[in-house]
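Each chain, letter by letter, is given below.
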Amino acid sequence: MNGFSLAWRSVIRKPVKSVLLFTTVFIISLLLLSGMSSGKATILMQDHTRQAVGAGLLLEENEANRHQRIDALARQLGHKEGSLGGYHQKKITVNGEESWRTWTDHSFETLFVEDIEIIAGTEGIADYNITTVTTAVRPVDFIRIEDEDVDQYSDLGGVSLIGNKDLSMDADFLSGNAFITDGRMMKEGEKDVCVISSELADKNQLKIGSRIRFGNCRDKEDTVIHEAEVVGIYQVNQPITPYMYGDTYRSENIIFTDLDFPEKADGKAGDPLYVKAYFKVADVKDYETVKKRVMEADIAWERYDLIDNNGTMNTLSANFNEMEKYSKVLVWVISGASLVILFLIFQFWMKSRNREIGMMLSMGTTKIQILAQIMTEALMIASVGVLLSFLAAPGVSGLMADYLVEQQIQSAEEQDVLDEGKVAFSYEKSEQSVVGVQAEITAGMFIQDTAGTALLITISVCVSGIALWKKNPKDILQDL
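Everything quoted here is computed from the prediction, not taken from an experiment.

## Quick word on the packing of aromatic side chains
For the structure on display, the rule yields nine aromatic pairs. Seen from their ring centres, Phe173 and Phe256 are 5.3 Å apart, and the 75° between their planes marks the pair as edge-to-face. Highlighted residues: Phe173 in helix α6 (residues 171-175) and Phe256 in strand β13 (residues 254-258), separated in sequence by 83 residues. Consider the rings of Phe390 and Phe446, whose centres lie 4.6 Å apart with planes at 55°: the pair is tilted. Here Phe390, found in helix α12 (residues 367-419), pairs with Phe446, found in helix α13 (residues 443-464); they are 56 residues apart in sequence, far enough to count as distant. Under the relative-accessibility criterion, Phe446 is labelled partly exposed at 24%. Ring pairing ties together the aromatic residues Phe142, Phe214 and Phe261, which thus form one cluster. The positively charged end of Arg69 is found above the aromatic ring belonging to Phe108, 4.3 Å away from the centroid. It is Lys165 that lies over the ring of Tyr128; its NZ or CZ is 4.1 Å from the centre.

Here you go:
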């Protein structure tokens, strides 16, 4: 009779021990799968501040991933001055004490044009727009709108430029909050053109065809001047939310330009900073289908938030605070506890089978053959447990992911309470709420789980067999 047949007969002959091992492996495998799945879960969030409008999708940078990339580059540079991947750090001395100044450039912060174009090429996308960061520039030979009752000392004393590939798809114009009262919008491909507010036009007697000039806002001595032609004048129903505090960014001082003008006026020609991309869906009836196609695009999705017309966005749990880190810790804890439990189970197996092992040794069966049979029995039982855990894992994974998300939300809320009154924000904080968690069990996770469970069993059996290896048949039989 071969080893496999002996192992199978032993499994069915001792159902209590078999059921004990099966239950243990099933629970271990289920917890490992759930832990891995939770770390890669997709968090469905509702963003009440940053909303796309109309039948379209809005792409923005994921703030949590941004911080993760900064941390990774800082670790690579270590405690030395330098630059890496658009991240820079320099040692400075302040009041006789050394400290570090860190900053990022446009290449680090910008949305990648190649990713935007890949999404724009998705079937069902009719057109798209790219929007630059709000850029502060110095007005030359014209006067901005100011609040006379506010101290302007800390303000940059400028106006702000927002570049668009297609102004008609800018969030404020798309929503109807901003509208043209005179002239027209910029045409795609036009250069050095702008649309100004009616308040700015009235204050400076500007009209369609007027040319206005801008300089570097942070270097008053810079003599380089850039000029743009006024092609349109706009009004708003409600003031545009400022990018930052100060009259530089107030609604009336916002000037919409062609896509390339802000970087030139800021002295950074050829180094753009794109913060939004809007994609117009051709047929609203196909909206959900197009959205799924877009999310299947081959781009680095961890860098982005994709927000739909209801303000709903999908973000990986890796970007949801530190959920992925917690799930990894959970997997390691489960693995460690499982190793201990399995070791104890196989110790029990060995002791309860002393008579059988002694007789097999006295009949000439080698110790390796005995351990191989026990290993075969364990793996036969484990394979059934792992297979059934794979079927049960989706439901348990969802519950575990929900629990981890709730803990993250609770932790964030508690931190907000602690920070209340201590932190002043110069912009409107994005209000987000979780509306769903999707945990998926993949084939890769199943392979990792199977391999991990098999490794735990192999280690446990080998360690438990050390006592067997030290004894000879006579000693074992005398113990009986």
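## So, unusual backbone geometry
Positioned with a positive phi, Asp141 is a non-glycine residue whose angle comes to about 65°. Positionally, Asp141 belongs in the loop between β7 (135-140) and β8 (159-164). In the Ramachandran plot, Asp192 falls in the positive-phi region, its phi being about 55° despite a non-glycine side chain. Looking at where Asp192 falls in the secondary structure, it is placed in the loop between β9 (178-183) and β10 (193-197).

## Here we look at the sheet that holds strand β5 (residues 97-104)
Spatially, three strands are ordered β3-β4-β5 in an open sheet, and the strand pairing comes out antiparallel. Strands at the two margins of the open sheet, each flanked by one partner only, are β3 (82-84) and β5. Put simply, the sheet's adjacent strands are angled 25° from each other on average, direction ignored. Judged from the three bridges that link them, β3 and strand β4 (residues 87-94) form a sheet pairing that is antiparallel. Counterpart to Leu84 in the pairing with β4 is Tyr87. Helix α3 (residues 63-77) rests against β3, β4 and β5 of the sheet, and its axis sits at about 70° to β4.

## Quick word on the environment of Pro239
If you trace the backbone, Pro239 turns up in the loop between β12 (226-236) and β13. Spatially, the C-alpha atoms of Pro239 and Arg250 are 8.1 Å apart, while their sequence positions differ by eleven residues.

## Details of the pattern of salt bridges
Scanning the model with the defined rule gives 18 salt bridges in all. A salt bridge links Glu98 to Lys91; the nearest nitrogen and oxygen atoms lie 3.9 Å apart. On the accessibility criterion, Glu98 (59% relative accessible area) is exposed. Across the pair Lys191 and Asp260 runs a salt bridge whose closest N-O atoms are separated by 2.3 Å. Here Lys191 is found in the loop between β9 and β10, whereas its partner Asp260 is found in the loop between β13 and α8 (261-265), with 69 residues between them in sequence. Relative accessible area serves as the criterion here: at 48%, Lys191 is assigned to the partly exposed category. One salt-bridge network, held together by shared partners, links Glu63, Arg66 and Glu109.

## A look at the pairing of β13
Among the five residues of β13, five are classified as buried, and the element is accordingly described as predominantly covered. Both β8 and β13 contribute to a ladder of five bridges, which runs parallel. Bridge pairing links Gly163 to Thr257 in β13. Alignment of β10 against β13, held across two bridges, turns out to be antiparallel. When the sheet's bridge partners are listed, Cys194 is paired in β13 with Thr257.

## Here we look at the nonpolar core
Counting 28 residues, the largest nonpolar core has Leu21, Val25, Leu342, Phe346, Trp349, Ile457 and Val461 as the members making the most contacts within it. At the level of secondary structure, the elements contributing two or more residues to this core comprise α2 (15-39), α10 (323-352), α12 and α13. With nine residues, α12 is the largest single contributor of residues to this core. Filtering out sequence-adjacent residues up to four positions away, Val461 remains in contact with Phe346, Met350, Leu371, Ile374 and Met375.

## Description of the pairing of β7
For β7, a buried count of six out of six residues is recorded, marking the element as mostly surrounded by other parts of the structure. Relative to strand β11 (residues 211-216), β7 is paired through four bridges, and the arrangement is antiparallel. Across the sheet, residue Arg138 finds its bridge partner in β11, namely Gly215.

## Some words on the confidence of the model for the chain
Counting all residues, the mean pLDDT for the chain is 80, and 75% of those residues have values of 70 or more. The least confident element of the chain, judged by mean pLDDT, is strand β1 (residues 42-47) at 49; the most confident is β10 at 97. The low-confidence segment residues 44-51 (pLDDT under 50) makes 46 contacts with residues lying over four places distant or belonging to another chain. Per-residue pLDDT stays below 50 along residues 419-430; that stretch engages in eleven contacts with residues further than four places along the chain or on separate chains.

Each value, and the rule that gives it
- Residues numbered from 1 in each chain as written.
- Predicted model: local features only at pLDDT ≥ 70, side-chain atom pairs only at ≥ 80, totals over all residues.
- Heavy atoms only, no water.
- Phe/Tyr/Trp six-rings, centres within 6.5 Å; stacked < 30°, edge-to-face > 60°.
- Helix = DSSP H or I, 4+ residues; strand = E, 2+ residues; numbered from the N terminus.
- Buried < 20%, exposed > 50% of the residue type's maximum accessible area, 1.4 Å probe, protein only.
- Lys NZ or Arg CZ within 6 Å of the ring centre and 35° of its normal.
- Pairing = 2+ DSSP bridges.
- Axes fitted to C-alpha atoms, helices over the stretch in contact; angles between N-to-C directions.
- Contact = heavy atoms within 4.5 Å.
- Salt bridge = Lys/Arg side-chain N within 4 Å of Asp/Glu carboxyl O.
- Core = buried A, V, L, I, M, F, W, Y, C linked by side-chain atoms within 4.5 Å.
- pLDDT = per-residue confidence, 0-100.

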